[in-house]
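Fold and geometry: a report
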Amino acid sequence: MPYHYYNIDVRITIADKIQFNICKSIQIESTIEKLSDTAKIELPREFKNALMNDKGFSLERKNLLEYLKIGDSITIEAGYNGDLYTEFEGYLTEIGAEIPTVLECEDEMYKLRKAGMLNKTFASVTLKQLLKFIAPGYEIEALDMSLGKMLIERATPYKVIEKLKSDYGIRC
């Protein structure tokens, strides 16, 4: 049956335990020009209700920072009339202290930015080999192009990818 109007639905899940079904605004930026996708969520001023472990939960007179922390996983789903689609998956990078509360998020690149420092010298390396070295455990789809000699000295995987972008014009 065709609807005369559509109800906008949203579900924001943080750390697989807290869910918000309401927000003031969501901004998602996804472009190949930047290394990572980002999202910014603004919670309403009078925000009080959430779900914790699938049960009703009130945040009235409670500090949101007791339940959320930087690095928590976040999934943003949105759609109409209960038909939700995943729009963003990533991690909390900043929790605003002002009212209304603003949550800033970054995609999987957040983990690569926070990973440990790498040191390695390659006599000859391909792009695929380099990416497998700096990001083990990730599914890699890349050209098998030769990059020649390469030195990685005290750099996070994110810094290596940044260098690939600036030196070779590689986008990911």
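Residues numbered from 1 in each chain as written. Predicted model: local features only at pLDDT ≥ 70, side-chain atom pairs only at ≥ 80, totals over all residues. Heavy atoms only, no water.

1. A word on helix α3 (residues 157-168)
Condition: The way it works is that DSSP assigns letters per residue, a run of H or I at least four long becomes a helix, a run of E at least two long becomes a strand, and they are numbered from the N terminus. Expected span, for any helix, means 1.5 Å times one less than how many residues it has. Burial classes follow relative accessibility: with a 1.4 Å probe on protein chains only, a residue under 20% of its type's maximum area counts as buried, one over 50% as exposed, and anything between as partly exposed. Directions pointing from the helix axis toward each C-beta atom define the arc. Note on definitions: a residue-residue contact is assigned when non-hydrogen atoms from the two residues lie within 4.5 Å.
The end-to-end C-alpha separation of α3 is 16 Å, in line with the 16 Å expected for 12 residues at 1.5 Å each. Of the residues making up α3, those classed as buried are P157, Y158, V160, I161 and L164. Projection of α3 onto a plane perpendicular to its axis shows the buried side chains occupying an angular sector of 165°, all on one side. For α3, the exposed residues lying more than 90 degrees away from the buried face are K163 and S166. Against the buried residues of α3 lie α1 (109-114), β10 (118-126), α2 (127-134) and β11 (146-155). G169 lies just past α3 and shows a positive phi near 70°.

2. As for the pattern of salt bridges
We count it as follows: Here, a salt bridge means any Lys or Arg side-chain nitrogen found within 4 Å of an Asp or Glu carboxyl oxygen.
Inspection of every chain in the model, using the stated rule, returns seven salt bridges. With a closest N to O distance of 2.7 Å, E77 and R11 form a salt bridge. Within this pair, whereas E77 is found in strand β7 (residues 73-80), its partner R11 is found in strand β1 (residues 8-14), the two being separated by 66 residues in sequence.

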